[in-house]
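What follows is each chain in one-letter form.
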Amino acid sequence: MLLTPIARRRFDGQGRLVSTHGAYPDAMRALAARRGVRLLDMERSTEALLRELGEEGSKALFNWQAPGHPNYPEGVQDDTHLCLMGATQLARLALTLMEESGAERG
């Protein structure tokens, strides 16, 4: 089983989600097709989720911490790495995709 990367939280000036991974996700899709293995298209699924949540709502999935956080005293605005809630939600999304594709859970 292969997975594409999750979408980064990057919106343009008009509030549209911007793809950031270049050719890599398409290469994974092509490899999965060529090898005949299952593909979890996390990129497309997370893009849909981020669009649904919008620019502000999607912050809740990523590592956005206000100043004073024990691990980030100055705060952080990280649109690549997930917070615990975001990681949990995307793990559930991956499980849903696995179930939809008929993949066995191990």
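What you are looking at is a predicted structure, and each value in this text was computed from that prediction instead of being measured. (Residues numbered from 1 in each chain as written. Predicted model: local features only at pLDDT ≥ 70, side-chain atom pairs only at ≥ 80, totals over all residues. Heavy atoms only, no water.)

Draft legend 1. Highlighting the environment of Thr 46. Turning to its location among the elements, Thr 46 is positioned in helix H2 (residues 42-57). Through-space distance from the C-alpha of Thr 46 to that of Leu 93 is 8.4 Å; in sequence the pair is 47 residues apart. Within the structure, Thr 46 has its side chain in polar contact with the backbone oxygen of Glu 43 (distance 3.2 Å). (Helix = DSSP H or I, 4+ residues; strand = E, 2+ residues; numbered from the N terminus. Polar contact = N/O pair within 3.5 Å; in protein donor to acceptor, adjacent residues only side chain to side chain.)

Draft legend 2. Local environment of H2. Helix length check: H2, at 16 residues, gives a terminal C-alpha distance of 19 Å against a target of 22 Å (1.5 Å per residue), a shortfall beyond 12%. Considering bend angle alone, the principal kink of H2 is centred on Arg 51 and spans about 60 degrees. Every buried residue of H2 is accounted for by Met 42, Glu 43, Ser 45, Thr 46, Glu 47, Leu 49, Leu 50 and Gly 54. Among the structural elements, strand S1 (2-3), helix H1 (24-35), strand S2 (39-40), strand S3 (62-65) and helix H3 (84-101) are those in contact with the buried residues of H2. (Expected span 1.5 Å × (residues − 1). Bend = angle between axes of the 7 residues up to and from the residue. Buried < 20%, exposed > 50% of the residue type's maximum accessible area, 1.4 Å probe, protein only. Contact = heavy atoms within 4.5 Å.)

Draft legend 3. Geometry of empty space enclosed by the protein. Taken as a whole and judged by the stated rule, the model has one cavity of 30 Å³ or more. In this structure, the largest cavity encloses a volume near 30 Å³. Around the largest cavity, the lining residues are Ala 7, Arg 8, Val 18, Ser 19, Thr 20, His 21, Glu 43 and Glu 47. (1 Å grid on protein atoms, 1.4 Å probe; cavity = no way out; pocket = protein on both sides within 12 Å on 5 of 7 lines; lining within 4 Å. Points joined across faces, edges and corners; volume = space filled by probe spheres on them.)

Draft legend 4. Main features of the pattern of salt bridges. One pass over the structure, following the stated rule, counts seven salt bridges. Among the ionic pairs, Asp 26 bridges to Arg 29, the shortest N-O distance being 2.6 Å. Taken together, the positions of Asp 26 and Arg 29, both in helix H1 and three residues apart, correspond to about one turn of that helix. A residue is classified by how much of its surface remains accessible, and Asp 26, at 47% relative accessible area, is partly exposed. Overall, the relative accessible area of 13% leaves Arg 29 in the buried class. A salt bridge links Arg 29 to Asp 41, with the nearest nitrogen and oxygen atoms 2.7 Å apart. Of this pair, Arg 29 sits in helix H1 while Asp 41 sits in the loop between S2 and H2, and the two are 12 residues apart along the sequence. (Salt bridge = Lys/Arg side-chain N within 4 Å of Asp/Glu carboxyl O.)

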